[in-house]
Amino acid sequence: MATNYDVARIFLEIAEALELSGQDPYRVRAYRNAARTLLSLEEPLAEIRRRGELLSLPGIGESLAAKIAEILDSGRLRQHDELMEHFPPGVAAMMHVPGVGPRTAQTLFRELGLTSVEELEHAAREGRLRALKGFGAKTEANILQNIARLRTRRQRIPLARAYPLAQQVIHLLRAAAPVRDIEAAGSLRRMTEDVGDIDILVTSDDPAAVMAAVTRLPFVQRVLATGPTKTSVLSEQDVQVDVRVVAPENFGAALQYFTGSKEHNVKLRTLAVRQGLKLSEYGIFRGDTRLGGATEEEMYRPLGILMYPPELREDRGEIERGLAGVPPDFVEERHLRGDLHVHTNASDGRASLRAMVEAARERGFTYVAISDHSPARGNARGLSAARLRAQAREIRALNRELTDITILAASEVDIRRDGTLDYPDDVLAELDLCLASVHSAFNLSREEQTARLLRAIDSPFLDIIAHPTGRLVGTRDPIELDMRRVMTAAAAHEVALEINSWPERLDLNDAHILLARELGVPLVIDTDAHAPEHFDNLKFGVATARRGWATPADILNTIPLSQLLPRLRRNRLRKAA
Ligand code: DGT
Ligand code: CA
Ligand code: CA
Ligand code: ZN
């Protein structure tokens, strides 16, 4: 009988094949979402089907339900078999070589029968690619070079890519092997903006089965090493995943050790030694006596140190504070009462005003600011003044209808190159809330860029600077800024700076947040949601805030709207009065 994992794997392979053949991304996503649903189920699909409840699973419609039934009955799916004849899994992996797109990958497979990066490398070495139309000795050399670069490139992986992959590993292993505890450790658990690799810890009654399952994960490109308790694999996208099986009684010790950071651990161990104690991934010991290690707390308690959350374990003073008995008091998702940066399909969002507000309400937010783009963002369908006013009317109508959430008519206004805002003052004055951000001219000098932001902060209408540096983790550098000057001005003018939860952004970053708190700059945590599911990104913003040691009191959108509006700006105060 096919397991949930088997069905999900078939769906994932179909998604990959459809993507490779250039199919509609929505179809591709439908299979991926379905696979994710199946992997999160506690109960076998066969049971759910027996009760006739397949259709009540999220993302499963008639057609997918019929496919699940076919797999449960026969162990296979005709559509999958046919697709795999044309698009075996390794063919997709070849697309990760720069310069090899879907069409080329197809040609390589059809004409030369290549089904993996290794085979591609081999064929290029032997000069077999130049037989293909449009290929020459130069293309072969390029492909070889790009494969080599792919291999040596041990670059760090943005959290935005690593986090979902880690979640997938956890779901897949839960489904494929007898796993008891499973948790991500390392920099991913500390929610650093990028990670070197993914570290997963597992307890299990059958470690060998877990290790085998790791090597068979659907995205594995290469098994780097496998042994009785540790397996390392490389994903198709060149992310290394280390999975370790530890004994249940050591789980806390291992989780503490492998969460790190290394600096945190080194300091902790030094303190332990001074107290005649020894710490390791197997527990905390006095001589031969084991004092604990089943839970993480047990690793800190004998040292008289309060445990601080993973995001803070960077040896930035958390150990000293824990030793002094200062309890951790950092912002959590549950503290946030509203979201001040949300897009709709009026500009570049994917969902309607109503759908976005509904999603915010379902999350428990009591206020939400709708902040679509201004006209300068032509390719994001930035709103003209007339469209902005029409949206404000729609918002007022919806506000009359809804009782448990308040919608603010806001805008994410472009900060032009010269620091002016992309709407005239009379339009800005009509807004409940004004965010502004840099979406252009990223390459100005530090002086020019700083002057640009200072001028924006000077605007009497500005409340929040959204994603202040414009960086995209791993792909776009932050704009050059005298951050201390910008923050000093923001503090003086009571302009808030945003911690943007979009995982590619995480902007402000942890170091900036520490500085902002030192300088008394108001902060907000926003999702910048462009679709209902993006509210889930809030965890990334909150984790980043915690990495900057932010407490609920540092974050403006932890307070009720009635207090928030007067706090934001004097002009808001004027208008609210
Ligand atoms: P990454 O992967 O570069 O983003 O950073 P981490 O922190 O995940 O580092 P990784 O994967 O090399 O090791 C995972 C954890 O294992 C690390 O955070 C702390 C622990 N660890 C690794 N090497 C050492 C070490 O030499 N001494 C100590 N005390 N802990 C270590
Ligand atoms: Ca790591
Ligand atoms: Ca590692
Ligand atoms: Zn935005």
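Here's a quick rundown of the structure. No experiment lies behind these values; they were computed from the predicted model shown.

**Observations concerning the coordination of the calcium ion (ligand 2)**
Line of reasoning, step 1. Surrounding the calcium ion (ligand 2) are the protein donor atoms D197 (O), D197 (OD) and D199 (OD), which sit 2.2 to 3.0 Å from the metal.
Line of reasoning, step 2. Angles of 65 to 164 degrees at the metal separate the six donor atoms of the calcium ion (ligand 2), which places the site in the irregular class.
Line of reasoning, step 3. Taken as an interatomic distance, the gap from the calcium ion (ligand 2) to the calcium ion (ligand 3) is 3.8 Å; D197 donates to each of them.
Line of reasoning, step 4. With relative accessibility at 11%, the residue D199 sits in the buried group.

**Here's the deal with the nonpolar core**
Line of reasoning, step 1. One finds F11, L120 and I200 to be the most contacted residues of the largest nonpolar core, which totals 86 residues.
Line of reasoning, step 2. In terms of residue count, the dominant contributor to this core is helix α1 (residues 4–20) (eleven residues).
Line of reasoning, step 3. Apart from the residues lying within four places of it in its own chain, the contact partners of L120 are M94, V97, V100, L108, L114, L129, I143 and I147.
Line of reasoning, step 4. Counting 62 residues, the second largest nonpolar core, distinct from the first, contains L402, F461, A516 and I555.

**Quick word on the coordination of the zinc ion (ligand 4)**
Line of reasoning, step 1. The protein atoms donating to the zinc ion (ligand 4) are H341 (NE2), H343 (NE2), E412 (OE) and D528 (OD), with metal-donor distances spanning 2.0 to 2.3 Å.
Line of reasoning, step 2. For the zinc ion (ligand 4), the four donor atoms in the first shell make angles of 81 to 172 degrees at the metal, so the coordination geometry reads as irregular.
Line of reasoning, step 3. In this structure E412 comes out as buried when scored by relative accessible area, which is 1%.

**With respect to the sheet that holds strand β5 (residues 220–226)**
Line of reasoning, step 1. In space, the five strands of this open sheet follow the order β2-β4-β7-β6-β5, with mixed pairing throughout. The sheet is open, and its two edges are formed by β2 (179–184) and β5, each paired on a single side. Here the strands of the sheet are splayed against their neighbours by 20 degrees on average, with no regard to which way each runs.
Line of reasoning, step 2. Strand direction decides the pairing type here: strand β6 (residues 230–235) and strand β7 (residues 240–245), joined by five bridges, are antiparallel. Each residue of the ladder has a partner; that of S232, found in β7, is D242.
Line of reasoning, step 3. Its contacts with the sheet place helix α12 (residues 207–215) against β2, β4 (198–204), β5, β6 and β7, and it is angled at close to 10 degrees to β6.

**Notes on the packing of α1 against helix α4 (residues 62–74)**
Line of reasoning, step 1. It is the contact of α1 with α4, at a shortest axis distance of 10 Å, that shows an interaxial angle of 125 degrees. Comparing their axes, α4 and α1 come out oblique. For the pair α1 and α4, the crossing hand works out as right-handed. Contact residues: α1 offers V7, I10 and F11, while α4 offers L64, K67, I68, I71 and L72.
Line of reasoning, step 2. Grouping the constituent residues of the contact of α1 with α4 by class yields seven nonpolar, no polar and one charged.

**Quick word on the environment of R377**
Line of reasoning, step 1. Here R377 shows up in the loop between β12 (367–373) and α18 (385–401).
Line of reasoning, step 2. Taking the C-alpha atoms as reference, R377 lies 18 Å from A409; in sequence the two are 32 residues apart.
Line of reasoning, step 3. Ignoring any residue separated from it by four or fewer positions in sequence, one finds R377 in contact with D348, G382, D414 and H439.

**Focus: the site of ligand 1**
Line of reasoning, step 1. Lining the immediate surroundings of ligand 1 are 16 residues, of which R156, S187, R190, G196 and R269 lie closest.
Line of reasoning, step 2. Residue R156 places a side-chain N or O atom 2.8 Å away from an oxygen atom belonging to ligand 1.
Line of reasoning, step 3. Separating an oxygen atom of ligand 1 from a backbone N or O atom of G196 is a distance of 2.8 Å.
Line of reasoning, step 4. Contributions of two or more residues to the shell around ligand 1 are made by α11 (186–189), α13 (251–259) and α14 (262–274).
Line of reasoning, step 5. Taken together, the residues of the shell around ligand 1 break down into three nonpolar, seven polar and six charged.

Rules and cut-offs
- Residues numbered from 1 in each chain as written.
- Chains lettered and ligands numbered in written order.
- Predicted model: local features only at pLDDT ≥ 70, side-chain atom pairs only at ≥ 80, totals over all residues.
- Heavy atoms only, no water.
- Donors = N, O, S within 2.8 Å, 3.2 Å for Na, K, Ca; no water.
- Tetrahedral: all angles 85-135°; square planar, octahedral: opposite > 155°, others 65-115°.
- Buried < 20%, exposed > 50% of the residue type's maximum accessible area, 1.4 Å probe, protein only.
- Core = buried A, V, L, I, M, F, W, Y, C linked by side-chain atoms within 4.5 Å.
- Helix = DSSP H or I, 4+ residues; strand = E, 2+ residues; numbered from the N terminus.
- Contact = heavy atoms within 4.5 Å.
- Pairing = 2+ DSSP bridges.
- Axes fitted to C-alpha atoms, helices over the stretch in contact; angles between N-to-C directions.
- Parallel < 35°, antiparallel > 145°, perpendicular 65-115°, else oblique.
- Left-handed = near helix turned anticlockwise from the far one by under 90°.
- Nonpolar A, V, L, I, M, F, W, Y, C, P; charged D, E, K, R; others polar.
- Near = heavy atom within 4 Å.
- Polar contact = N/O pair within 3.5 Å; in protein donor to acceptor, adjacent residues only side chain to side chain.

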